[in-house]
Amino acid sequence: MFAALGGLIAGFTALCVAELVAAAVRPEAGPVAAVGGAVIDRTPPAVKDFAVRNFGTDDKLVLQLGILVLLAVFAMAVGVLALRYRWTGAAAVLVFGVVGSVAAGGRPEGRPTDALPSAVGALVAAGVLYLLAGRLSPVTGPPPAAGETDDEETADGEPADGEQGAFDRRGFVIAATAAAAASAGAGLLGRRLQASQLAGVSAARGDITLPAPASPAPAIPGGADLGIRGLSSFTTPNKDFYRVDTALVVPRVDADRWRLRIHGKGVSRPVTLSFQDLLGRELVERDITLTCVSNQVGGPYVGTARWIGVRLATLLAEAGVKPPSKGGPADQIVARSVDGMTIGTPVEEVMDGRDALLAVGMNGEPLPFDHGFPVRMVVPGLYGYVSACKWIQEIELTTFDAYDAYWVKRDWSREAPIKTQSRIDTPRPFAAPKPGTVPVAGVAWAQHRGIARVEVRVDGGEWHTARLAAEAGRDTWRQWVWEWPATTGHHTLEVRATDRTGATQTDKRVGTVPDGATGWHSVVVDVT
Ligand SMILES: Nc1nc2c(c(=O)[nH]1)N[C@H]1C(S)=C(S)[C@@H](COP(=O)(O)O)O[C@H]1N2
Ligand SMILES: [Mo]
């Protein structure tokens, strides 16, 4: 019992000390974040998909809790081990340090110093465990005076803590308390330092004023938002915008020190741009709907924002890049983020005239940290994993043959245009509306093709054409509504959309891997 407690305290020490060192190195290098990141990198697509689906954005919290629980179990085991074999126990703690260090240094963006938090944390923890284990070993020399053997375990003849003899309990408790308190102090100080660093970057973001765009977004037609209760608003507020990424610690980039490098195959004039360089260029503002390939039929990973940024095609053309159709040698743009993500986007689509942006703003403010501050890519019509690199810092022109980006190495498709989809937002599943007219409403999207028609049917009957909201553009979703004359009973509502190429959404259900889910969204309701 005491041995396990000693192990736990040593584990706690390791984490707290590592937190303090991470404040000096960088928050991402902390052991839990590093091991978590390494786990994410190695998660098979099916599991990642399961995590995104079941825990949503909480998947990261679940992962971190899982790591902590495992660590606690191991720490207790190591504590028990240390009781018997002091040196081996301390050495076992160092093994954890090595795991954390390798995980931190081995991340795609890992730097050698990233190994420090885990390494230092483990060293200190090994020392603490060694000392605590020493307090637990039977006291040699004369047995303690009768008055000092003070508890039940020894009183009934059972040695304390299994086969352990009498030990200096008071000494252990004092040492353990001191170790725990010192660790907590170090941990709190580490957190404090990290928080004040973050506060500095946040304040700097708050001070940024985005210039007015040279090309403002076309006005959203009044009828684009049907204003129906339960229906997603046309523009998704930043705080409600879905977030999907592999970052356990959201990168906080200093915009003043940020640079973007454009180089590679067919780049005759490589460039490096600063944030001010971007703000000084012609800014374009557009409403664009972003969608995640991991979105299930009917799922939440889709949203529309008003993005402001620089046209990527213009920057590429200035750098001398030509699309493959004009004889350019590169067919893939590989975007790299500060957190080591790589995202491969076809050059042809980026340069075909669509509003592919290096975005600096989202819904009237600088990009939120969660959504890629200071700069990210947004390309209408392509799923986020092949187009929407957040925290971008490098654009390399290459070929699809020469390089597979992060998700492609993990079984997702090289190219992934967004599939035509529609979703019923209201009524909600298992809602119980009253008989009579019930508005069935939702959104449909087929970015860069546009939505031409949406149809709804009840219980597999005839399709009814829904009323479409005014079209804001081909790159955004479109709301729709159908007034359902609902009758009492259990009913299944289904929806399908047709895009402007005339293609109707297939009813064939496929999962999200490798290039996006298909099938019709259905909702079951009980009219009473
Ligand atoms: N650096 C980085 N950029 C990234 C990702 C990521 O994991 N890391 N995920 C991509 C995916 S899969 C999607 S769907 C979009 C989501 O953007 P959002 O979180 O702003 O909605 O970001 C893309 N850009
Ligand atoms: Mo995604």
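Here the structure is a predicted model, which is why all the values come from computation and not from measurement. (Residues numbered from 1 in each chain as written. Chains lettered and ligands numbered in written order. Predicted model: local features only at pLDDT ≥ 70, side-chain atom pairs only at ≥ 80, totals over all residues. Heavy atoms only, no water.)

Concerning the overall build of the protein
Next, step 1: Scanning the protein from N- to C-terminus turns up 11 helices and 18 strands.
Next, step 2: A principal-axis box enclosing the C-alpha atoms of the protein has dimensions of 95 × 70 × 40 Å.
Next, step 3: The buried share of the protein, taken over its 528 residues, is 51%.
Next, step 4: Expressed as a percentage of contacts within the protein between residues at least 6 apart in sequence, the contacts between residues at least 24 apart total 76%.
Next, step 5: When the accessible surface of the protein is split by element, carbon and sulfur atoms take 58% of a total near 23,200 Å². (Helix = DSSP H or I, 4+ residues; strand = E, 2+ residues; numbered from the N terminus. Buried < 20%, exposed > 50% of the residue type's maximum accessible area, 1.4 Å probe, protein only. Contact = heavy atoms within 4.5 Å. Areas by Shrake-Rupley, 256 points an atom, 1.4 Å probe, with all protein chains shown as cover.)

Things to note about the UniProt feature "domain: Oxidoreductase molybdopterin-binding" (unreviewed entry) in the protein
Next, step 1: Within this numbering scheme, the UniProt entry marks residues 249–407 as carrying the feature "domain: Oxidoreductase molybdopterin-binding" (unreviewed entry).
Next, step 2: The span residues 249–407 carries 10% helix and 36% strand; its end-to-end C-alpha distance comes to 19 Å. (UniProt positions renumbered as here; feature names shortened; annotations may be inferred.)

Structural notes on the UniProt feature "transmembrane region" (unreviewed entry) in the protein
Next, step 1: If you check UniProt for "transmembrane region" (unreviewed entry), the listed places come out as residues 61–80, 87–104 and 116–133 in our numbering.
Next, step 2: In residues 61–80, helix accounts for 100% and strand for 0%; the two terminal C-alpha atoms are 29 Å from one another.

Description of the site of ligand 1
Next, step 1: Around ligand 1 sit 20 residues, and of these Y242, T246, H371, R376 and K390 come closest.
Next, step 2: A distance of 2.7 Å separates an oxygen atom of ligand 1 from a polar atom in the backbone of Y242.
Next, step 3: Side-chain polar atom of K390 to an oxygen atom of ligand 1: 2.6 Å apart, as the coordinates give it.
Next, step 4: Relative to its unbound accessible area of 530 Å², ligand 1 is 100% covered by the protein chains.
Next, step 5: For the shell around ligand 1, a count of residues per class yields 11 nonpolar, 4 polar and 5 charged. (Near = heavy atom within 4 Å. Polar contact = N/O pair within 3.5 Å; in protein donor to acceptor, adjacent residues only side chain to side chain. Nonpolar A, V, L, I, M, F, W, Y, C, P; charged D, E, K, R; others polar.)

Notes on the pattern of salt bridges
Next, step 1: Tallied over the entire structure, the rule returns 22 salt bridges.
Next, step 2: A salt bridge links E19 to R191; its shortest N-O distance comes to 3.3 Å. Of this pair, E19 sits in helix α1 (residues 2–24) while R191 is found in helix α8 (residues 169–206), placing the two residues 172 residues apart along the sequence.
Next, step 3: Classification of E19 as buried rests on a relative accessible area of 16%.
Next, step 4: R500 is paired through a salt bridge with E471; the nearest N and O atoms lie 3.0 Å apart. (Salt bridge = Lys/Arg side-chain N within 4 Å of Asp/Glu carboxyl O.)

A word on the sheet that holds strand β16 (residues 478–486)
Next, step 1: Spatial ordering of the open sheet is given by β11-β12-β16-β15, a layout of 4 strands whose pairing is antiparallel. Strands with a single pairing partner mark the edges of an open sheet, and in this sheet they are β11 (421–426) and β15 (467–468). (Pairing = 2+ DSSP bridges.)

With respect to the sheet that holds strand β17 (residues 489–499)
Next, step 1: Spatially, 4 strands are ordered β14-β13-β17-β18 in an open sheet, and the strand pairing comes out antiparallel. The sheet is open, and its two edges are formed by β14 (464–465) and β18 (521–527), each paired on a single side.
Next, step 2: Here strand β13 (residues 451–458) pairs with β17 via 7 bridges, running antiparallel. Each residue of the ladder has a partner; that of I451, found in β17, is D499.

Points about the domain arrangement of the protein
Next, step 1: In terms of domains, the protein is made up of domain 1 (2–144 + 156–200), domain 2 (238–410) and domain 3 (421–527).
Next, step 2: Computed over C-alpha atoms, the centres of domain 1 and domain 2 are 38 Å apart.
Next, step 3: At the junction of the two partners, domain 1 supplies 21 residues and domain 2 supplies 17 residues.
Next, step 4: Counting each side, the surface lost to burial between domain 1 and domain 2 is near 1,800 Å², with a carbon and sulfur contribution of 58%.
Next, step 5: K60 is the salt-bridge partner of D245, the closest N and O atoms lying 3.4 Å from each other.
Next, step 6: At the junction of domain 1 with domain 2, the criterion picks out 3 residue pairs in polar contact (both at pLDDT 80 or more).
Next, step 7: Within the residue set of the side of domain 1 that touches domain 2, elements represented by two or more residues are α2 (31–42), α3 (45–55) and α4 (59–84).
Next, step 8: Examining the composition of the side of domain 1 that touches domain 2, we find that 6 residues originate from one element, α2, more than from any other. (Domains from an automatic or database assignment. Buried area = accessible area lost by both parts, 1.4 Å probe.)

Digging into the packing of α1 against helix α6 (residues 116–136)
Next, step 1: At a closest axis distance of 7 Å, the pairing of α1 and α6 adopts a crossing angle of 155 degrees. Between α1 and α6, the angle is such that the two are roughly antiparallel. α1 and α6 meet at a crossing whose hand is right-handed. Residue-level inspection shows F2, A3, G6, G7, I9, A10, T13, A14, V17, A18, V21 and A22 of α1 in contact with α6, the latter providing L116, P117, S118, V120, G121, V124, A125, V128, L129, L132 and L136. (Axes fitted to C-alpha atoms, helices over the stretch in contact; angles between N-to-C directions. Parallel < 35°, antiparallel > 145°, perpendicular 65-115°, else oblique. Left-handed = near helix turned anticlockwise from the far one by under 90°.)

What to know about the packing of α6 against α8
Next, step 1: Closest axis-to-axis distance for the α6/α8 pair is 8 Å, and the angle between their directions is 165 degrees. It follows that α6 is roughly antiparallel to α8 by the angle criterion. As α6 packs across α8, the resulting crossing turns out to be left-handed. For the pair α6 and α8, contact is made by V128, L132, R135 and L136 and by G171, F172, A175, A176 and A179, respectively.
Next, step 2: In the contact of α6 with α8, the residues fall into 7 nonpolar, 1 polar and 1 charged.

Notes on α4
Next, step 1: A rise of 1.5 Å per residue sets the reference length of α4, with its 26 residues, at 38 Å; its end C-alpha atoms lie 38 Å apart and thus fit the reference within 8%.
Next, step 2: Those residues of α4 that fall on the buried side of the exposure criterion are D59, K60, I67, A75, V78, G79 and A82. (Expected span 1.5 Å × (residues − 1).)

Focus: the nonpolar core
Next, step 1: Ranked by size, the top nonpolar core spans 83 residues in total, and within it W307, L316, L358, I392, I395 and L397 carry the most contacts.
Next, step 2: Among the domains, domain 2 (238–410) and domain 3 (421–527) are the pair contributing at least three residues each to this core.
Next, step 3: Core analysis: the second largest hydrophobic core is formed by 20 residues, V438, I451, V456 and A497 among them. (Core = buried A, V, L, I, M, F, W, Y, C linked by side-chain atoms within 4.5 Å.)

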